[in-house]
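Given next are the chains, with one letter for each unit.
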Amino acid sequence: MSIAQKPINNYDAIVVGAGFAGMYMLHKLRGLGLSVKVYETGSGVGGTWFWNRYPGARCDIDSLEYSYQFSDELQQEWHWPERYSAQPDILEYANHVAERFDLRKDIQFNTQVESSVYDEDSKSWNITTSDGKTQSAQFCIMATGCLSSTNTPDFKGIESFKGQTYHTGQWPHEPVDFSGKRVGIIGTGSSAIQAIPEIAKQAEHLYVFQRTPNYTVPSNNGPMDKETEQTIKADYPAFRERNSKMPAGLGADSGRKTNMGVSALDVSHEEREAEYESRWDTAGLSIGGSFGDLMLNQESNDTIAEFARGKIRGIVNDPATAEALCPEQTFACKRLCVDTGYYQTFNRPNVTLVDISQGAIDEITPAGLQANGDAFELDCIIFATGFDAMTGSLLKAGIRGEGGQTLTDKWSAGPRTYLGLGTSGFPNLFTITGPGSPSVLTNMIPSIEQHVNWIADCIQYLKESNLQTINATDEAEDAWVEHVNVLASHTLYPSCNSWYLGANVPGKPRVFMPHIGFPSYVEKCNEVAANGYQGFALA
Ligand code: NA7
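Numbering of residues starts from 1 in every chain and runs along the sequence as written. Under the rules for a predicted model, residues below a pLDDT of 70 receive no local features and side-chain atom pairs below 80 are neither given nor counted, while totals for whole chains, interfaces and linings still include all residues. Excluded from the side-chain calculation are hydrogens and water; included are all heavy atoms of the structure.

**Comments concerning the overall build of the protein chain**
Heads up, the rule is: Helix numbering and strand numbering both begin at the N terminus, where a helix is a DSSP run of H or I of at least 4 residues and a strand a DSSP run of E of at least 2. Computation of the radius of gyration draws on C-alpha atoms alone. For the globule rule, the value is 2.2 Å times the number of residues to the power 0.38. Only protein chains enter the area calculation, which uses a 1.4 Å probe; residues under 20% of their type maximum are buried, those over 50% are exposed, and those in between are partly exposed. Note on definitions: a residue-residue contact is assigned when non-hydrogen atoms from the two residues lie within 4.5 Å. Here the accessible surface of atoms and residues is derived via Shrake-Rupley with a 1.4 Å probe, and residues count as covered only by protein chains that are part of the display.
A tally of regular secondary structure across the protein chain gives 16 helices and 20 strands. For 539 residues, the compact-globule formula gives about 24 Å, and the C-alpha radius of gyration of the protein chain, at 23 Å, lands near that figure. The dimensions of the protein chain, computed from C-alpha atoms along their principal axes, are 70 × 55 × 45 Å. A buried classification covers 55% of the 539 residues belonging to the protein chain. Expressed as a percentage of contacts within the protein chain between residues at least 6 apart in sequence, the contacts between residues at least 24 apart total 71%. Per element, the accessible surface of the protein chain, about 21900 Å² overall, is 48% carbon and sulfur.

**Describing unusual backbone geometry**
Residue Asn220 is not a glycine yet carries a positive backbone phi of 50°. Among the structural elements, Asn220 can be located in the loop between β10 (216–218) and α6 (226–234). Phi is positive for Thr433, close to 50°, though the residue is something other than glycine. Position of Thr433 relative to the elements: it lies in the loop between β18 (429–431) and α14 (444–464). The exposure class of Thr433 is buried, given its relative accessible area of 5%.

**As for the domain arrangement of the protein chain**
When the parts of a complex come together, some accessible area is lost, and that lost area is often used as the size of the interface. Our working definition: Each domain's extent is set by a domain assignment, obtained either automatically or from a database. Summed over both partners, the accessible area lost on bringing two parts together, with a 1.4 Å probe, is the buried area. Think of a salt bridge as a Lys or Arg side-chain nitrogen and an Asp or Glu carboxyl oxygen that are within 4 Å of each other. Each polar contact in these results corresponds to two N or O atoms within 3.5 Å; when the atoms are within protein, one needs to be able to donate a hydrogen and the other to accept it, and residues that are neighboring in sequence are counted only if both atoms are side-chain atoms. In this classification, Asp, Glu, Lys and Arg are treated as charged, Ala, Val, Leu, Ile, Met, Phe, Trp, Tyr, Cys and Pro as nonpolar, and every other residue, Gly included, as polar.
Assigned domains of the protein chain: these are domain 1 (7–149 + 389–538) and domain 2 (190–383). Contacts between the two partners involve 40 residues from domain 1, matched on the other side by 46 residues from domain 2. For the domain 1 face of the interface with domain 2, the top three residues by lost area are Asp60, Leu64 and Leu492, together amounting to 22%. Inspection of the domain 1/domain 2 interface yields one salt bridge. A salt bridge links Arg335 to Asp60; the shortest N-O distance between them is 2.9 Å. Applying the counting criterion to the domain 1 and domain 2 interface returns 22 residue pairs in polar contact (both at pLDDT 80 or more). Top element by residues in the side of domain 1 that touches domain 2 is helix α3 (residues 72–77). It accounts for four residues. Looking at side-chain class alone, the side of domain 1 that touches domain 2 contains 18 nonpolar, 15 polar and seven charged residues.

**A few points about the packing of helix α1 (residues 20–31) against α14**
So the rule is basically this: Lines fitted to the C-alpha atoms define the axes, with helices restricted to the stretch that makes contact. Angles between their N-to-C directions range from 0 to 180 degrees. Helix crossings fall into two classes, left-handed where the near helix is turned counterclockwise from the far one by less than a right angle and right-handed where it is turned clockwise.
For the pair α1 and α14, interaxial distance at closest approach is 9 Å and the crossing angle is 35°. α14 is crossed by α1, and the crossing has right-handed handedness. For the pair α1 and α14, the contacting residues are Phe20, Ala21, Tyr24, Met25, Lys28 and Leu29 in the first and Ile445, Ile448, Glu449, Val452, Asn453, Ile455, Ala456 and Ile459 in the second. A breakdown of the residues in the contact of α1 with α14 according to their chemical character gives eleven nonpolar, one polar and two charged.

**Some points on the environment of Ala13**
Within the fold, Ala13 resides in strand β1 (residues 10–16). Overall, the relative accessible area of 0% leaves Ala13 in the buried class. Each C-alpha atom of the pair Ala13 and Thr391 lies 21 Å from the other, and the pair is 378 residues apart in sequence.

**Quick notes on the site of the ligand**
Condition: We call a residue near a molecule or strand whenever a single non-hydrogen atom of that residue lies within 4 Å of it.
Surrounding the ligand, one finds 19 residues, the nearest of these being Thr188, Ser191, Arg211, Thr212 and Lys334. At 2.8 Å, a backbone N or O of Thr188 approaches an oxygen atom of the ligand. Ser190 places a polar main-chain atom, nitrogen or oxygen, 2.9 Å from an oxygen atom of the ligand. In isolation the ligand offers 780 Å² of accessible surface; the protein chains occlude 87% of this area. Grouping the amino acids of the shell around the ligand by side-chain chemistry returns eight nonpolar, eight polar and three charged.

**So, the state of the cysteines**
Heads up, the condition is: A pair of sulfur atoms, both from cysteines and within 2.5 Å, is called a disulfide here.
Inspection of every chain in the model, using the stated rule, returns one disulfide. With its sulfur 2.2 Å from that of its partner, Cys333 forms a disulfide with Cys496. Linking Cys333 and Cys496, the disulfide has an S-S dihedral of approximately -100° and is accordingly described as left-handed. Of this pair, Cys333 sits in the loop between α10 (319–325) and β11 (337–339) while Cys496 sits in the loop between α15 (474–489) and α16 (519–530), placing them 163 residues apart in sequence. Exposure remark for Cys333: the relative accessible area of 0% places this residue in the buried category.

**Regarding the nonpolar core**
Definition in use: Throughout, nonpolar core names a set of buried Ala, Val, Leu, Ile, Met, Phe, Trp, Tyr and Cys residues whose side chains join them through atoms within 4.5 Å.
Judged by nonpolar contacts, the single largest core of 96 residues is most densely connected at Phe20, Ile141, Phe331, Leu419 and Trp454. Sorting elements by how many residues they give to this core places α14 first, with ten residues. Beyond its immediate sequence surroundings of up to four residues, Phe20 is in contact with Gly46, Trp49, Tyr68, Ile90, Tyr93, Ala94, Ile445 and Ile448. Listed in part, the 32 residues of the second largest apolar core include Tyr166, Trp171, Val183 and Ala195.

**Remarks on the pattern of salt bridges**
On inspection of all chains with the given rule, the structure shows 22 salt bridges. Of the charged contacts, one joins Asp106 and Arg30 as a salt bridge, the two residues approaching to 2.8 Å between their closest N and O atoms. Here Asp106, found in the loop between α4 (87–100) and β3 (107–108), pairs with Arg30, found in helix α1; they are 76 residues apart in sequence, far enough to count as distant. Between Arg104 and Glu99 there is a salt bridge, and its shortest N-O distance comes to 2.5 Å. In this structure Arg104 comes out as partly exposed when scored by relative accessible area, which is 28%. For Glu99, a relative accessible area of 55% puts it in the exposed group. In the salt-bridge network here, residues are joined through shared partners; they are Glu306, Arg309, Arg313 and Glu323.

**Describing empty space enclosed by the protein**
We count it as follows: Think of a 1 Å grid over just the protein atoms. A cavity is a set of points where a 1.4 Å probe fits yet cannot get out, a pocket is an open set with protein on both sides within 12 Å along at least five of seven lines, and lining residues have an atom within 4 Å of a point. Grid points are joined across faces, edges and corners, and a volume is the space filled by probe spheres set on the points.
Summed over all chains, the structure comprises five cavities of 30 Å³ or more. Here the largest cavity is characterised by a volume of approximately 100 Å³. Residue lining of the largest cavity: Pro415, Arg416, Thr417, Pro435, Gly436, Trp480, Val481, Val484, Asn485, Val511, Phe512 and Met513, and that is the complete set.

This is the structure in structure tokens:
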């Protein structure tokens, strides 16, 4: 280490990222009396909700669930204006939390972590940031988010375009006006599906370049129902507890009978259609819970896939466009989307769907782009091409563990973790909602809280026991990776090219990253802690 890089401060913990994970981690560790420093690339808190400011950006989980529960006063006092919150409302909430718990004084904004190196002599982490400084801490906690490293494909000619380009995941802070503009949007994932109806209202013409159609269900969003809010707030902890027992940690009070033990094939065609129909109109994501085996049995899944295709054909006027919008893959194999008027948008005269499933974006040109051999003149191009999910930001943080091993080398064939919380050879490094934990298959904020609580308890245990380090063992990690893979292999999830598998990023190893099932996962984490952090080596 050169003299310039000598650590200038010594914290108990450094947290990377000031989204919902980093903010709560800071609050929690402060509560233990520890010294904590947080680094954040952005100029404000909120993480994914700080960056994803594209028109129509909205959470597709009920606001009363997609929020912190660690402070009962906070969850009682905060009022969400809509059932599903828009990005500005979620960002306002993040800012409120930062104010309320006085978090900003320990967060250094506009600062990127360039390297995080474990020093075996001092048993601490040296974190070097974009301002050229190096700080050290006993614990390094990566709160970098699962969907924070944007993916822009290396399109030929991308630099030559003379108009404006945008990425949905790095949207400008000032409003973008598409009035009178010819706009091209590449991608039809969740971000595009939310943005397209809004942009179509403004643009002179919107071209949607679709490689794979996705399934999306109507949100039926609206103002927060006062009665629902009052009922939940009357016993919020019990509501949270019920949700924590659900497979994805949400939706316990959807007011529907639980069909989890029932196969879609156990009921008549009419009963099945009636169930799908009623959920299509009100249930949002929980249409996926219509029957227990939709993600386990292809034949069952085919019934809901065909139902969804029937809906598309019923909404979209032009039969060729409708057919092109009909997905063929397993329903909800790629993250199910929730929209407001998506399919209806294709009935507008100023919207054209360009199916590139048999072709490609050939190149981006100064005047627009060429796809399927046809030229499109454009004023703006929007990349709605997603993220290097779950591992992208971790691998960008220059993490080096014992023996100088880089995380990039260790994970060259896919991420390897124990519980998605630690990885062997990288002592005292924690990942909040890391690969191998339920994370993106659940309601993220409660999953974040579960991880933060576990990590804080672990750190407290180490401190009280006069232990300096915690390191996942190879055996526990191997067994966990195997377990996560086996769980996925019993489902239909590996059957499509989703970002859960890393399949959206060329060259990324194809490994199913999240753990399927929230309650069983929490039970395992609790058991590990109760048994003195079984599977970790403590020293
Ligand atoms: P997604 O869901 O990863 O969607 C990205 C879209 O971009 C998807 O339709 C991709 O098609 C398309 N894409 C990616 N690369 C290309 C290339 N090279 N050519 C054409 N089209 C391409 O990202 P989102 O931001 O929409 O959503 C991410 C998550 O955020 C979402 O699931 C929610 O959990 C919140 P493909 O399907 O790969 O053929």
